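# Remarks on the overall topology
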Amino acid sequence: MTKRRHIRDGVSLDDDDVVVVRGGQLDAEILRADAERYHAIYGTYGISVFAAREVTIDELAQQTPLVRFEILTLVRVGTLRSAGFRLEPTGRNPRHFTVAFDTLDVGVERLALCEHRLWANPYHEE
């Protein structure tokens, strides 16, 4: 049985230049495992990200859960949309979004190939 996702009504990422931040690199094996875990819980494929709007990447990097990651991946919303992803406002954190997709293999492959930038997290805590 799947859980019902909390989707924040009336929230969207309309600006293609907004950057979303993901903990870690876009490693296909990790993306696949995370997407499968998400699917097992919610019945759809998705990867968690945090939107850097009204807050800097530096500020996001200091917060849980991103502070746990030595490397952060930065991707523009427009890049994700161009690759066919949906950005859904999920969870209670106002900056949390899910990069949603319908097919595991295609979604993981497209996400891993998205133009992105790696950012060393100076606030990383083990």
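Scroll up a little and you will see the structure.
Residues numbered from 1 in each chain as written. Predicted model: local features only at pLDDT ≥ 70, side-chain atom pairs only at ≥ 80, totals over all residues. Heavy atoms only, no water.

## Some remarks on the environment of K3
Following the sequence through the fold, K3 ends up in the segment before β1 (19–23). For the pair K3 and A40, spaced 37 residues apart in the sequence, the C-alpha separation amounts to 9.1 Å. Leave out the neighbours within four places in its chain, and K3 touches I41 and Y42. (Helix = DSSP H or I, 4+ residues; strand = E, 2+ residues; numbered from the N terminus. Contact = heavy atoms within 4.5 Å.)

## What about helix α1 (residues 28–42)?
Since there are 3.6 residues in each turn of an α-helix, residues three or four apart along the chain are aligned in direction. Here α1 spans 20 Å end to end across 15 residues, near enough to the 21 Å set by a 1.5 Å rise per residue. Residues L31, A35 and Y38 constitute the buried set of α1. Buried residues of α1, seen end-on, are gathered within an arc of 60 degrees and therefore sit on one face of the element. Facing away from the buried side of α1, by more than 90 degrees, are the exposed residues E29 and A40. Summarising the contacts, the buried residues of α1 are in contact with β1, β2 (45–51), β5 (96–101) and α4 (104–113). For α1, the N-terminal cap is D27; the gap from its side-chain oxygen to the backbone nitrogen of E29 is 3.1 Å. Backbone geometry just after α1 places G43 at a positive phi near 80 degrees. (Expected span 1.5 Å × (residues − 1). Buried < 20%, exposed > 50% of the residue type's maximum accessible area, 1.4 Å probe, protein only. Arc of directions from axis to C-beta. Polar contact = N/O pair within 3.5 Å; in protein donor to acceptor, adjacent residues only side chain to side chain.)

## A few points about the sheet that holds strand β6 (residues 117–120)
The antiparallel open sheet is built from six strands, whose spatial order is β4-β5-β2-β1-β3-β6. Each edge of the open sheet is held by one strand with a lone partner, namely β4 (86–88) and β6. Looking at each pair of strands side by side, their axes are set apart by 40 degrees on average, direction ignored. Packing against the sheet, α1 makes contact with β1, β2 and β5, and its axis sits at approximately 105 degrees to β2. (Pairing = 2+ DSSP bridges. Axes fitted to C-alpha atoms, helices over the stretch in contact; angles between N-to-C directions.)

## Things to note about the nonpolar core
Grouped together as the largest cluster of nonpolar side chains are 23 residues, with contacts concentrated most on L13, V20, L80, F85 and L111. Elements with a contribution of two residues or more to this core: α1, β2, α3 (77–82), β5 and α4. If near-sequence neighbours (up to four positions away) are discounted, L13 is found in contact with V18, V20, A51, R53, V77, R81, L87 and F97. V21, L66, L72 and W119 belong to the second-largest nonpolar core, a separate cluster that totals twelve residues. (Core = buried A, V, L, I, M, F, W, Y, C linked by side-chain atoms within 4.5 Å.)

## Some words on the pattern of salt bridges
Going through the model one piece at a time under the given rule, you end up with seven salt bridges. Ionic pairing is found between E88 and R5, a salt bridge with its closest N-O pair at 2.5 Å. Of the two residues, E88 is situated in strand β4 and R5 in the segment before β1; the sequence distance between them amounts to 83 residues. By the burial criterion, E88 is buried, and R5 matches it. We note a salt bridge from D102 to R86, for which the minimum N-O separation is 3.4 Å. Taken as a pair, D102 in the loop between β5 and α4 and R86 in strand β4 lie far apart in primary sequence, 16 residues in all. Relative accessible area serves as the criterion here: at 60%, D102 is assigned to the exposed category. (Salt bridge = Lys/Arg side-chain N within 4 Å of Asp/Glu carboxyl O.)

Purely spatial values, then, with no claim about function.
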